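Listed below are the residues making up each chain.
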Amino acid sequence: GTQAASVGSVLVLNTHLDHHSPEARIKGIQLIVRRLAALEEDPPAGSGRHLGSIITGDFNCEHCEHCAEDGTDSASVFQALISAGFRDTCSEKADADCPFLTFHNWRGEEAAAGLDIAALRAQGVHNKHIDWILWRGQGLELQSF
(Lines give C-alpha, C1' and ligand atoms only; values in the text may rest on other atoms or scores of the structure.)
Protein backbone atom coordinates (compact mmCIF):
# COMPACT_ATOMS: atom_id res chain seq x y z
CA GLY A 1 0.00 0.00 0.00
CA THR A 2 0.89 3.65 -0.11
CA GLN A 3 1.43 5.28 3.27
CA ALA A 4 1.18 8.95 4.19
CA ALA A 5 4.49 10.22 5.57
CA SER A 6 2.88 12.70 7.99
CA VAL A 7 -0.51 14.02 9.05
CA GLY A 8 -2.45 15.58 6.20
CA SER A 9 -4.88 14.66 3.47
CA VAL A 10 -4.70 12.35 0.49
CA LEU A 11 -6.94 12.90 -2.51
CA VAL A 12 -8.27 9.58 -3.87
CA LEU A 13 -10.08 9.32 -7.18
CA ASN A 14 -11.57 6.22 -8.76
CA THR A 15 -12.59 6.30 -12.41
CA HIS A 16 -14.02 4.16 -15.16
CA LEU A 17 -13.07 5.51 -18.57
CA ASP A 18 -15.19 4.91 -21.66
CA HIS A 19 -14.77 1.49 -23.28
CA HIS A 20 -15.83 2.49 -26.81
CA SER A 21 -14.22 5.82 -27.62
CA PRO A 22 -10.46 6.45 -27.54
CA GLU A 23 -11.20 10.18 -27.80
CA ALA A 24 -13.44 10.01 -24.72
CA ARG A 25 -10.70 8.18 -22.77
CA ILE A 26 -8.09 10.80 -23.66
CA LYS A 27 -10.40 13.74 -22.94
CA GLY A 28 -11.56 12.05 -19.73
CA ILE A 29 -8.05 11.60 -18.40
CA GLN A 30 -7.10 15.15 -19.37
CA LEU A 31 -10.11 16.43 -17.41
CA ILE A 32 -9.18 14.28 -14.41
CA VAL A 33 -5.59 15.57 -14.44
CA ARG A 34 -6.79 19.21 -14.60
CA ARG A 35 -9.37 18.77 -11.82
CA LEU A 36 -6.92 16.99 -9.53
CA ALA A 37 -4.33 19.73 -10.07
CA ALA A 38 -6.92 22.36 -9.10
CA LEU A 39 -7.94 20.43 -5.96
CA GLU A 40 -4.31 19.86 -4.99
CA GLU A 41 -3.50 23.54 -5.41
CA ASP A 42 -6.50 24.68 -3.39
CA PRO A 43 -7.50 21.86 -1.02
CA PRO A 44 -10.84 22.03 0.80
CA ALA A 45 -10.79 23.97 4.08
CA GLY A 46 -9.88 21.85 7.06
CA SER A 47 -8.28 19.06 5.04
CA GLY A 48 -4.77 19.83 6.24
CA ARG A 49 -1.63 19.72 4.18
CA HIS A 50 -2.06 17.92 0.85
CA LEU A 51 0.22 14.86 0.86
CA GLY A 52 -0.59 13.41 -2.52
CA SER A 53 -3.16 11.97 -4.88
CA ILE A 54 -4.07 8.42 -5.84
CA ILE A 55 -5.95 7.44 -8.99
CA THR A 56 -7.44 3.97 -9.35
CA GLY A 57 -9.82 2.54 -11.87
CA ASP A 58 -10.70 0.79 -15.05
CA PHE A 59 -8.98 2.78 -17.79
CA ASN A 60 -10.22 0.44 -20.53
CA CYS A 61 -6.84 0.45 -22.26
CA GLU A 62 -3.38 -0.84 -21.54
CA HIS A 63 -0.57 1.44 -20.47
CA CYS A 64 2.29 0.54 -22.73
CA GLU A 65 4.87 2.04 -25.01
CA HIS A 66 4.13 -0.36 -27.91
CA CYS A 67 0.43 0.58 -28.01
CA ALA A 68 0.98 3.69 -30.13
CA GLU A 69 2.40 1.45 -32.85
CA ASP A 70 -0.85 -0.47 -33.18
CA GLY A 71 -3.01 2.64 -33.35
CA THR A 72 -4.51 2.46 -29.87
CA ASP A 73 -4.90 5.39 -27.52
CA SER A 74 -3.26 3.67 -24.57
CA ALA A 75 0.06 5.43 -24.86
CA SER A 76 -1.72 8.81 -24.88
CA VAL A 77 -3.83 8.06 -21.80
CA PHE A 78 -0.91 6.71 -19.80
CA GLN A 79 1.44 9.44 -21.02
CA ALA A 80 -0.99 12.12 -19.85
CA LEU A 81 -0.75 10.69 -16.34
CA ILE A 82 3.02 10.23 -16.37
CA SER A 83 3.49 13.76 -17.77
CA ALA A 84 1.39 15.04 -14.87
CA GLY A 85 3.76 13.39 -12.39
CA PHE A 86 1.79 10.25 -11.61
CA ARG A 87 3.67 7.02 -10.97
CA ASP A 88 2.39 3.53 -11.72
CA THR A 89 2.45 0.93 -8.95
CA CYS A 90 3.07 -2.03 -11.27
CA SER A 91 5.92 -0.28 -13.06
CA GLU A 92 7.57 0.75 -9.80
CA LYS A 93 7.26 -2.19 -7.42
CA ALA A 94 5.20 -5.09 -8.52
CA ASP A 95 6.30 -6.43 -11.89
CA ALA A 96 6.34 -10.00 -10.61
CA ASP A 97 3.20 -9.57 -8.52
CA CYS A 98 1.29 -7.42 -10.99
CA PRO A 99 -1.47 -9.26 -12.83
CA PHE A 100 -0.54 -9.64 -16.49
CA LEU A 101 -4.14 -9.38 -17.65
CA THR A 102 -7.13 -7.82 -15.86
CA PHE A 103 -9.69 -7.87 -18.68
CA HIS A 104 -11.07 -11.34 -19.27
CA ASN A 105 -14.38 -10.66 -21.04
CA TRP A 106 -16.14 -12.84 -18.48
CA ARG A 107 -14.01 -15.85 -19.46
CA GLY A 108 -11.75 -15.93 -16.41
CA GLU A 109 -8.44 -17.78 -16.77
CA GLU A 110 -9.47 -18.98 -20.23
CA ALA A 111 -8.89 -15.42 -21.52
CA ALA A 112 -5.14 -15.69 -20.89
CA ALA A 113 -4.83 -19.28 -22.11
CA GLY A 114 -3.80 -18.27 -25.64
CA LEU A 115 -1.23 -15.71 -24.52
CA ASP A 116 2.47 -16.53 -24.49
CA ILE A 117 3.25 -14.27 -21.55
CA ALA A 118 6.99 -15.08 -21.53
CA ALA A 119 7.28 -14.16 -25.23
CA LEU A 120 5.30 -10.95 -24.71
CA ARG A 121 7.51 -9.95 -21.77
CA ALA A 122 10.59 -10.69 -23.91
CA GLN A 123 9.17 -8.21 -26.45
CA GLY A 124 8.89 -5.55 -23.73
CA VAL A 125 5.20 -6.05 -22.90
CA HIS A 126 5.24 -6.09 -19.10
CA ASN A 127 1.49 -6.48 -18.73
CA LYS A 128 -1.79 -6.07 -20.57
CA HIS A 129 -3.98 -4.99 -17.68
CA ILE A 130 -6.51 -2.18 -18.03
CA ASP A 131 -7.01 -1.53 -14.31
CA TRP A 132 -4.39 0.76 -12.83
CA ILE A 133 -3.28 2.32 -9.55
CA LEU A 134 -1.21 5.49 -9.85
CA TRP A 135 -0.07 8.12 -7.36
CA ARG A 136 1.85 11.36 -7.02
CA GLY A 137 2.90 13.51 -4.11
CA GLN A 138 5.94 13.92 -1.92
CA GLY A 139 3.94 12.89 1.11
CA LEU A 140 3.30 9.41 -0.30
CA GLU A 141 5.66 6.49 -0.62
CA LEU A 142 4.82 3.15 -2.19
CA GLN A 143 5.57 0.39 0.32
CA SER A 144 4.29 -2.63 -1.57
CA PHE A 145 1.83 -3.68 -4.20
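Attention in this report is confined to the structure presented alongside it. (Residues numbered from 1 in each chain as written. Predicted model: local features only at pLDDT ≥ 70, side-chain atom pairs only at ≥ 80, totals over all residues. Heavy atoms only, no water.)

1. Things to note about the pattern of salt bridges
Short version of the rule: One side-chain nitrogen of Lys or Arg within 4 Å of one carboxyl oxygen of Asp or Glu is enough to make a salt bridge. Secondary structure elements follow DSSP: runs of H or I of four or more residues count as helices, runs of E of two or more count as strands, with numbering from the N terminus. Relative accessibility thresholds used throughout: buried, under 20% of the residue-type maximum; exposed, over 50%; partly exposed, between the two (1.4 Å probe, protein chains only).
Under the definition given, this model contains 2 salt bridges. With a closest N to O distance of 3.4 Å, E23 and K27 form a salt bridge. Here K27 and E23 lie together in helix 1 (residues 22–41), a separation of 4 residues that amounts to about one turn. One salt bridge in this structure joins R136 and E40, with 2.6 Å as the shortest N-O distance. Here E40 lies in helix 1 and R136 lies in strand 5 (residues 131–136), a separation of 96 residues in the sequence. In terms of burial, R136 and E40 fall into one category: buried.

2. Focus: the packing of aromatic side chains
Applicable threshold: Under the pairing criterion, centres of Phe, Tyr and Trp rings, with the six-membered ring standing for Trp, must be within 6.5 Å; the plane angle then separates stacked pairs below 30 degrees from edge-to-face pairs above 60, leaving the rest tilted.
Enumeration according to the criterion identifies 2 aromatic pairs in this entry. Residues F59 and W132 carry aromatic rings whose centres are separated by 4.1 Å and whose planes lie at 10 degrees to one another, so their mutual orientation is stacked. Within this pair, whereas F59 is found in the loop between strand 3 (50–58) and helix 2 (74–83), its partner W132 is found in strand 5, the two being separated by 73 residues in sequence. Considered together, F59 and W132 belong to a single accessibility category, that of buried residues. Each ring, one from F78 and one from W132, has its centre 5.4 Å from the other, and the planes form 85 degrees; the classification is edge-to-face. You can see F78 sitting in helix 2 and its partner W132 sitting in strand 5, a full 54 residues away along the chain. W132 matches F78 in its accessibility class, with the two residues each being buried. Of the aromatic side chains, those joined through ring pairs into one cluster are F59, F78 and W132.

3. So, the environment of A84
Basically, it comes down to this: Note on definitions: a residue-residue contact is assigned when non-hydrogen atoms from the two residues lie within 4.5 Å.
Here A84 shows up in the loop between helix 2 and strand 4 (87–88). Residue A84 is classed as partly exposed on the basis of its relative accessible area, which comes to 22%. The spacing of A84 and R34 is 50 residues in sequence and 9.2 Å in space, taken between C-alpha atoms. When sequence neighbours within four positions are dropped, the list of residues in contact with A84 reads V33 and R136.

4. A short note on the pairing of strand 3
Spelled out, the test is: Only strands joined by at least two bridges in the DSSP assignment are considered to pair.
In terms of burial, strand 3 is largely enclosed, as 7 of its 9 residues are buried. Bridging between strand 2 (residues 9–16) and strand 3 involves 8 bridges; their strand directions are parallel. Residue V10 lies in a different strand from strand 3, and its bridge partner there is G52. The pairing of strand 3 with strand 5 spans 6 bridges and is classified as antiparallel.

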